[in-house]
Amino acid sequence: MYPFSQIEKKWSKRWFETKIYEPNLRRAKRPFYNLMMFPYPSAEGLHVGNMYAFTGSDIYGRFRRMQGNDVFQPIGLDGFGIHSENYALKIGTHPMKQAKVSEKRFYDQLRSIGNGFAWEERLETYDPEYYKWTQWIFVQMWKRGLAYRKKASVNWCPSCKTVLADEQVVNGDCERCGTEVVKKDLEQWFFKITKYADRLLKNLDNLPGGKAGIDWSEKVKIAQRNWIGKSESTEINFSIKASDKIITVVTTRADTIFGATFLVLAPEHGLITELAHQIKNYDEVRHYAEKAMKKTDFERGLLAKKKTGVRLKGVLAINPVNGVELPVFVSDFVLISYGTGAIFSVPAHDERDFEFAKLFHLPVISVIERPKREALGPISVQIYDEDLSETATEIKRFGIAREYATPTVRVYEIARKNVDRVIEILERARIGNRKDHELIRRGEDFTLEIKPRAINFLAVYTGDGRHINSGFLNNLRTEAAIKKVDTWLKERGMGKPAVYYHLRDWLISRQRYWGPPIPMIHCPACAKASSGKENAGWYAVPEKDLPVKLPQIKNFRPTGKGEAPLASVKSFYETKCPECGAKARRETDVSDTFLDSDTFLDSAWYFFRYTSVDDKTCPWRPEIAKKWLPVNRYIGGAEHSVLHLLYSRFLTMVFKEMGLINFEEPFTEFRAHGLLISSGAKMSKSKGNVVVPDVYIKKYGADVVRLYLMFLGPYEQGGDWRDAGIIGIVRFLNRVWNLGVKLGTGYKVQSTGRVSPWLHPHIKEITEDIANLKYNTAIAELMTALNKFEKEKQISRKDFETFLLLLAPLAPFITEELWQKLGNKYSIHNQAWPKFNTKYLIQNTITLIVQVNGKVRGQVSVKRGVGETEAKKLALAEEKIKKAIGAGKIKRTIFVKDRLINFVV
RNA sequence: GCCCCCGUGGCGGAACUGGUAGACGCGCAUGGUUUAGGACCAUGUCUCGAAAGAGGUAGGGGUUCAAAUCCUCUCGGGGGCACCA
């Protein structure tokens, strides 16, 4: 095997010393900011998944460098956070100490993978020089009214002993430790990201000034759209009988208002207490509401199989469109966090409402006519699970053509002539009325589908259709009906169109130790003086006093009392009010630092800081930031679709408003790489299939590991690491080495000084593949080229050098070594990317495919650009073609120039 | 439940705007080379068939001269959101 170890060591050192990957930040002429997601320095060390992400990004950066860009490719560590803190607790050390240990290990590893990092610009989020500016940003947010403190019912992880953002709760469990999350009422700090919801959404499609939206992987854009969750809704006011109070509900289906048969309030709804005197069963209602409020969203949502609720006796709401009096309920299926926390229910056209109506035996009024069966096209029958056995047996008597079952569906194919009789059986089984029986056509037979949970579909129709029983909305369809009712309500002041978002404000405070302290001070004296005002007594730490340093304390263990560890450190929290000078108390929470690989506030702006890491006077120097930002290309994992990537966009918008920058989207291009799995499964410690790159780098060298990772599959789709295939890459690079050494030591080589024509199409392919992140096919193409070299036995030096240049971004070490061995100037990575000449892409003789009735029957060699008449003549001269056509007459000829000719007989 | 992605040899995966399916690599087989090898070299490798030929991209249906590619339904896998009114 080629001496990779020696080579890689040598060049790592040389690159570092000669700073070939350090662009001149001030003077660069063609700046290209190639960003990769800085890693979280976990105790386990650099993961092969990290290397996968970094290699893919690095190849692209190297490619751009060779194409003439000044590429800036910085790296740093996202080292604050609960993961490090927990690890320090576990092994009985201090996070500050551990950080230094991990830092060294990570940087050593990062140096070994062959990436062209700009080491001088590296940063660590736990460095006071960095988090000083994280805190500064917090202060700016505060000054602009975008940071606020609020008592809220928040997600609390009893194990991590801190609050969690909604995004960090997965199926009711803590994303990190899997402990069930509970609800707690705590005062917390929030950022008003909701204020930017519309802009965050719009920019995905169109940037201000009519420009096209940001160029991101489509799936990430979709995820953000879903997360922001815009709904065009209507607010409708229901007055309450014998009261001056009003219930404002929110709906996206105002068209169904004539079908409303009751109202439901969220347990937290303020009206419940306001109407206390009117509610006859107030104790019962209050009891229910209090119990519900203690439940987590998960318990109220997914977990709750059955609806619960209590009627507000003595309260009747009046439907504005028809004056009908409707009962009002409280139920935990309505959430205070969305809309107004109140809804009107239309059981005929909403499944949840229907569930609830069944429970309380409430009327169901249908206001939308279902489309007729014919109009539905394919039709299907669905039966409730319990009914299945008996009915199915009966149906089976008709002779089932085919039967198959899945966990949720049982499908029978029955002959057409039996359809009506089967429907009869279904009716007898009282599965629904005839209208709801639906059959799927399947050739000559029909498919009868029997699905569990079908009863709701039978009773509830959520689709569009002609409106009935709806007064002035009769005969309209949904869209038109909504418009009409909106106008109607607005004219009478009874409602108005409104837009709602699912996006919530960003909860950023955490009750832990290992994070940047929130730079706020609370003064009790001032609070008293201006009591009643919002945020009374709260002041930002004056900017000259930043950073608020995180003190090294002995007991950094989380308290679990809703208080951060710093709350018991007197020397930390005791301070003076910046306003009145009285004794005041510092905020002791730290800002959001959570997630294995990411700390949100810290990481939401790190790419700005890279441009000015040594500047102590500002977060970034405007002239340098202007030159390099926004980031030209960002490559990272899709798991950050809605967290890091959304927060970064939000902060960038704020920075623009502050006049700090002149753009509002931080990443011009974002590409999500695929997930790297191992032996068919997601890598995880519990499965024991985590691959650590070090072992392989030691055994085969970084070039081999890089190439293998990239060869696994399309970069944007991910790949499956299996040890078996790595040998193919080892062979490939060995062959490259052997060939290179032969040339370098004076074997006979042709030296024409020009790139051979046959290589040009390969240059084109490789260039395009790398530009499109299709590294797997780029490597395949390089392998093909090598095969050709070996077959020819005669090699020109120029061709081989070109080959090395093409391979250089992918395998930077071996190519650098061979480049030198061939007597070329350092460094290969600063050479110009090979160009291809289009005149060599065109072959003069091409193979024309000859088809008869669409089937390939032969091929003929023709001159490029040959016309139909000529091609036809040549094709028909072929024995095989003659035979295939036989006695038939050619009815039609399809001719695709330089590609094929097809005879239809 | 809703949204997105995917399904091609024994395996990872190629296939441009529909136009010779299986590039490249792994594995396997045969031969060579080597003291030996898990090293290297050569040849072969979708299925059936002696061949001519036929079939073949999860399955059904469709559009087309022509479908892995487009439409549609079903099945299966992965990811995201989820009582959001």
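First, a word on what this report is: a plain description of the structure on this page. Along each chain, residues carry numbers from 1 onward, in the same order as the chain's sequence is written. As a convention, the first chain written is A and the first ligand written is 1, with the rest following in written order. For this predicted model, a pLDDT threshold of at least 70 governs which residues receive local features, and a threshold of 80 or more governs which side-chain atom pairs are given and counted, while totals over whole chains, interfaces and linings are taken from all residues. Only heavy atoms go into the side-chain values, all of them from the structure, while hydrogens and water stay out.

A word on the overall build of chain A
A tally of helices and strands in chain A yields 31 helices and 39 strands. Contacts spanning at least 24 positions in sequence make up 74% of the contacts within chain A whose residues lie at least 6 apart. The accessible surface values rely on the Shrake-Rupley method and a 1.4 Å probe; as for residues, cover is taken only from the protein chains in view. Roughly 41400 Å² of accessible area belongs to chain A as shown, and the carbon and sulfur atoms make up 50% of that amount. Only DSSP runs of H or I with at least four residues qualify as helices, and only runs of E with at least two residues qualify as strands; both kinds are numbered from the N terminus onward. Any two residues whose heavy atoms approach within 4.5 Å are treated as being in contact.

Observations regarding the protein's contact with RNA strand B
In the vicinity of RNA strand B there are 54 residues, among which Thr251, Thr252, Arg300, Arg352 and His502 approach most closely. Near is defined per residue: the residue qualifies when any heavy atom it owns lies within 4 Å of the molecule or strand. When atoms of RNA strand B within 4 Å of the protein are split into backbone and base, the sugar-phosphate part holds 61%. Here a polar contact means two N or O atoms within 3.5 Å. Within protein one must be a hydrogen donor candidate and the other an acceptor candidate, and residues neighboring in sequence count only if both atoms are side-chain atoms. In this structure, Arg504 approaches RNA strand B through a side-chain N or O atom, which is 3.3 Å from a base nitrogen. A distance of 2.5 Å is found between a phosphate oxygen of RNA strand B and a side-chain nitrogen or oxygen belonging to Arg731. Those elements that place two or more of their residues in the surface near RNA strand B are helix H7 (218-228), strand E14 (246-251), helix H25 (726-744), helix H27 (775-792), strand E36 (845-852), strand E37 (855-863), strand E38 (892-896) and strand E39 (900-904). Top contributing element to the surface near RNA strand B by residue count: H27, with six residues. Note that Gly is not counted as nonpolar here; it falls among the polar residues with everything else outside the nonpolar set of Ala, Val, Leu, Ile, Met, Phe, Trp, Tyr, Cys and Pro and the charged set of Asp, Glu, Lys and Arg. Of the residues contributing to the surface near RNA strand B, the split by class is 26 nonpolar, 15 polar and 13 charged.

Overview of the sheet that holds strand E33 (residues 675-678)
The criterion for strand pairing is that DSSP finds at least two bridges linking the strands in question. The mixed open sheet is built from three strands, whose spatial order is E34-E33-E35. With one partner strand each, in any of the chains shown, strand E34 (681-682) and strand E35 (718-721) form the two edges of the open sheet. As defined by bridge partners, E33 adjoins E34 across two bridges and the pair is classed as antiparallel. Its bridge partner being in E34, Ser678 is matched across the sheet by Ala681.

Some words on the environment of Phe356
Take Phe356: it is sitting in helix H11 (residues 351-360). A residue is classified by how much of its surface remains accessible, and Phe356, at 0% relative accessible area, is buried. As for Phe356 and Ala832, which are separated by 476 residues in sequence, their C-alpha atoms are 70 Å apart. Ignoring sequence-local partners within four residues, the contact set of Phe356 consists of Phe262, Lys307, Thr308, Gly309, Phe329, Ser331, Phe333 and Leu362. A 1.4 Å probe rolled over the protein chains alone gives each residue an accessible area, and that area as a share of the maximum for its type sets the label: buried under 20%, exposed over 50%, partly exposed in between.

What to know about empty space enclosed by the protein
Put plainly, a pocket is an open set of points on a 1 Å grid over the protein atoms alone with protein on both sides within 12 Å along at least five of seven lines, a cavity is a set where a 1.4 Å probe fits but cannot get out, and a lining residue has an atom within 4 Å of a point. Grid points are joined across faces, edges and corners, and a volume is the space filled by probe spheres set on the points. Scanning the entire structure with this criterion turns up two cavities of 30 Å³ or more. The volume enclosed by the largest cavity comes to roughly 60 Å³. As for the largest cavity, its lining consists of Pro41, Gly79, Ser84, Pro95, Gln98, Ala99, Ser102, Tyr126 and Trp514. Per-element tally for the lining of the largest cavity: the top contributor is helix H4 (residues 95-112), with four residues. When its residues are assigned to classes, the lining of the largest cavity shows five nonpolar, four polar and no charged. Lining the second largest cavity are Pro41, Ser42, Ala43, His83, Ser84, Tyr87, Gln98 and Ser102. Those elements that place two or more of their residues in the lining of the second largest cavity are helix H3 (82-91) and H4. Considering only residue class, the lining of the second largest cavity consists of three nonpolar, five polar and no charged.

Structural notes on the sheet that holds strand E27 (residues 538-540)
The pairing of strands in a sheet happens through backbone hydrogen bonds and is either parallel or antiparallel. On the basis of which strands lie adjacent, the open sheet formed by four strands has the order E27-E26-E29-E28 and antiparallel pairing. Because the sheet does not close on itself, it has two edges, and the strands there are E27 and strand E28 (574-576). In this sheet, adjacent strand axes meet at a mean angle of 45° when their direction is disregarded. Pairing of strand E26 (residues 520-522) with E27, which is carried by three bridges, proceeds in the antiparallel orientation. Pairing of His522 across the sheet is with Trp538, part of E27. Comment: axis = line fitted to C-alpha atoms, over the contacting stretch for helices; angle = value between 0 and 180 degrees taken between N-to-C directions.

A word on the nonpolar core
Take the buried Ala, Val, Leu, Ile, Met, Phe, Trp, Tyr and Cys residues and link them wherever side-chain atoms come within 4.5 Å; each set so joined is a nonpolar core. Counting residues in each nonpolar core, the largest one holds 175 residues, and the members touching the most others are Trp506, Tyr606, Phe732, Phe800, Phe803 and Leu807. In this structure, Ile240, Val249, Val285 and Tyr288 belong to the second largest nonpolar core, which totals 38 residues.

A short note on the pairing of E39
Within E39, four of the five residues are buried, which leaves the element mostly enclosed by the surrounding structure. As judged from the five bridges shared by E38 and E39, these two strands associate in the antiparallel manner. Pairing of Arg892 across the sheet is with Val904, part of E39. Counted between consecutive antiparallel strands, the loop separating E38 from E39 contains three residues, among which Asp898 sits at a positive phi close to 60°.

Here's the deal with the packing of helix H28 (residues 797-807) against helix H29 (residues 812-821)
When two helices pack together, their arrangement is given by the angle between the helix axes and by the axis-to-axis distance. Contact pair H28 / H29: the axes reach a minimum separation of 9 Å and the direction vectors enclose 155°. Accordingly, the angle class assigned to the pair H28 and H29 is roughly antiparallel. In terms of crossing hand, the pair formed by H28 and H29 is left-handed. In this structure, H28 contributes Phe800, Glu801, Leu804, Leu805 and Leu807 to the contact, and H29 contributes Thr815, Leu818 and Trp819. Class assignment of the residues belonging to the contact of H28 with H29 gives a composition of six nonpolar, one polar and one charged. Angle categories: roughly parallel below 35 degrees, roughly antiparallel above 145, roughly perpendicular from 65 to 115, and oblique for all the rest. Left-handed describes a crossing in which the near helix is turned anticlockwise from the far one by less than a right angle; the clockwise case is right-handed.

Observations concerning the packing of aromatic side chains
In this scheme Phe, Tyr and Trp rings, the latter by its six-membered ring, pair at centre separations within 6.5 Å, and the angle between planes marks the pair as stacked below 30 degrees, edge-to-face above 60, and tilted otherwise. Counted under the stated rule, the structure contains 63 aromatic pairs. Seen in terms of ring centroids, Trp216 and Phe670 are 5.5 Å apart; in terms of plane orientation they differ by 50°. Their pairing is tilted. Of this pair, Trp216 sits in strand E12 (residues 215-216) while Phe670 sits in strand E32 (residues 667-673), and the two are 454 residues apart along the sequence. By relative accessible area, Trp216 is classed as buried at 4%. Judged by its relative accessible area of 0%, Phe670 falls in the buried class. Note that Lys307 overlies the ring of Phe333, its terminal NZ or CZ placed 5.1 Å from the centroid. Criterion for a charge above a ring: Arg CZ or Lys NZ at most 6 Å from the ring centre, at most 35 degrees from the ring normal. When the ring centre of Tyr573 is taken as reference, the NZ or CZ atom of Arg585 above it lies at 3.9 Å.

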